[in-house]
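Spelled out, the chains give:
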Amino acid sequence: MRQPRADEYARFAAARAGHLYRSACLLTAGDTHLAEDLVQETLGRIYVRWGRISRVDNPAGYAQTVLTRAFLAHQRRRSSTERATGAVPDRAAADGDLPLRLTLLQALARLPAKDRAVVVLRYWEDRSVEETADVMNASSAAVRTRCTRALGRLRELLGEELGEYATP
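Just so we're clear, the structure is a prediction, and the values are computed from it rather than from any experiment. Per chain, residue numbering runs from 1 following the sequence as it is written. Whole-chain, interface and lining totals are the exception, using all residues; otherwise, since this is a predicted model, local features are given only for residues with pLDDT of at least 70 and side-chain atom pairs are given and counted only at 80 or more. For side-chain calculations, the full set of non-hydrogen atoms in the structure is used, while hydrogens and water are omitted.

### Some details on helix α8 (residues 140-158)
Taking 1.5 Å per residue, 19 residues should reach 27 Å; α8 reaches 27 Å between its end C-alpha atoms and fits that length. Within the span of α8, buried status applies to V143, C147, A150, L154, L157 and L158. The arc that holds every buried residue of α8, seen down its axis, measures 95 degrees, which confines them to one face. Summarising the geometry of α8, the exposed residues directed more than 90 degrees from the buried face are T148, R149, R155 and E156. Helix and strand definitions here come from DSSP, where helices need a minimum of 4 consecutive H or I residues and strands a minimum of 2 consecutive E residues; each element is numbered from the N-terminal end. One or two steps after α8, the chain reaches G159, where phi turns positive at roughly 45 degrees. Under the convention used throughout, the expected extent of a helix is 1.5 Å for every residue step, that is, one less than its residue count. Partly exposed residues are those whose accessible area sits between 20% and 50% of the maximum for their type, while under 20% is buried and over 50% is exposed, using a 1.4 Å probe and protein chains only. Taken from the helix axis, the directions to the C-beta atoms give the arc we talk about.

### Let's talk about helix α4 (residues 59-76)
The terminal C-alpha atoms of α4, which comprises 18 residues, lie 26 Å apart, in line with the 26 Å expected from a rise of 1.5 Å per residue. Of all the 18 residues making up α4, 13 are buried; the element is thus mostly covered by neighbouring parts of the structure.

### So, the packing of α4 against helix α6 (residues 113-124)
Every angle, taken between N-to-C directions, lies between 0 and 180 degrees, and every axis is a line fitted to C-alpha atoms, over only the stretch in contact when it is a helix. Axis separation between α4 and α6 bottoms out at 10 Å; the angle between their running directions is 165 degrees. Considering the angle they form, α4 stands roughly antiparallel to α6. For the element pair α4 and α6, the recorded crossing hand is right-handed. Where α4 approaches α6, its residues T68, F71, L72 and Q75 are matched on the opposing element by A113, K114, R116, A117 and L121. For this classification, under 35 degrees means roughly parallel, over 145 means roughly antiparallel, 65 to 115 means roughly perpendicular, and everything else is oblique. Should the near helix be turned anticlockwise from the far one by less than a right angle, the crossing is left-handed, and should it be turned clockwise, the crossing is right-handed. Contacts were defined at the residue level, with two residues in contact if any of their heavy atoms lie within 4.5 Å.

### Focus: the packing of aromatic side chains
Two aromatic rings are characterised by how far apart their centres lie and by the angle between their planes. Pairing of aromatic rings covers Phe, Tyr and Trp, the last through its six-membered ring, and needs centres within 6.5 Å; plane angles under 30 degrees mean stacked, over 60 mean edge-to-face, and all others mean tilted. In total, this model carries three aromatic pairs according to the counting rule given. Each ring, one from Y9 and one from Y47, has its centre 5.1 Å from the other, and the planes form 70 degrees; the classification is edge-to-face. In this pair, Y9 sits in helix α1 (residues 3-27) while Y47 sits in helix α2 (residues 32-48), placing the two residues 38 residues apart along the sequence. Overall, the relative accessible area of 11% leaves Y9 in the buried class. Ring geometry for Y9 against W50: centres 5.6 Å apart, planes inclined by 70 degrees, an arrangement best described as edge-to-face.

### What about the pattern of salt bridges?
Salt bridges are counted wherever a side-chain nitrogen of Lys or Arg sits within 4 Å of a carboxyl oxygen of Asp or Glu. Going through the model one piece at a time under the given rule, you end up with three salt bridges. Across the pair E41 and R45 runs a salt bridge, and its minimum N-O distance is 2.4 Å. With E41 and R45 both in helix α2, this residue pair falls four residues apart, about one helical turn. Residue E41 is classed as partly exposed on the basis of its relative accessible area of 25%.

Everything listed here is a matter of coordinates, which is why it stays silent on function.
Right, here's the structure in full:
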């Protein structure tokens with residue numbers, strides 16, 4: 001890759017890595033190690049095709065699509081249910097509404113992978129039904145159905161728990 005293109009890619013990757021990581025954390029229901037792997041895989045795939053991708057209207061949207069498809073492909077592998085164990089990281093919890101965040105991540109973790117992807121794309125990424133359908137290689141009707149079922153399942157899982165964390 002020529003130096004100007006490499007510099008352009010480096011700026012893109014630096015600007016988008018944080019957002020991709022946050023999306024990946026939601027997709028993986030808080031598995032930060034897998035989220036890092038997915039972001040690295042996404043940025044690697046984009047690097048290989050950067051000459052073509054840099055000319056599309058929305059490279060950031062393209063990156064989100066690659067991330068979601070990498071997540072769904074990972075979920076289809078048999079080894080996707082393996083969990084790494086080890087010592088707890090030596091860093092303080094981030095300020096914010098930690099109990100709410102943990103409750104939501106636990107509820108997301110209990111959803112099937114495709115349901116989780118629909119919820120993240122529709123409500124975290126704020127994508128339309130059609131955009132979500134395109135990313136997931138599904139019909140708009142399938143996305144609407146999956147979204148309705150996923151939200152219903154989240155309501156069942158969260159029940160009244162969510163109300164105690166909501167701020168008036």
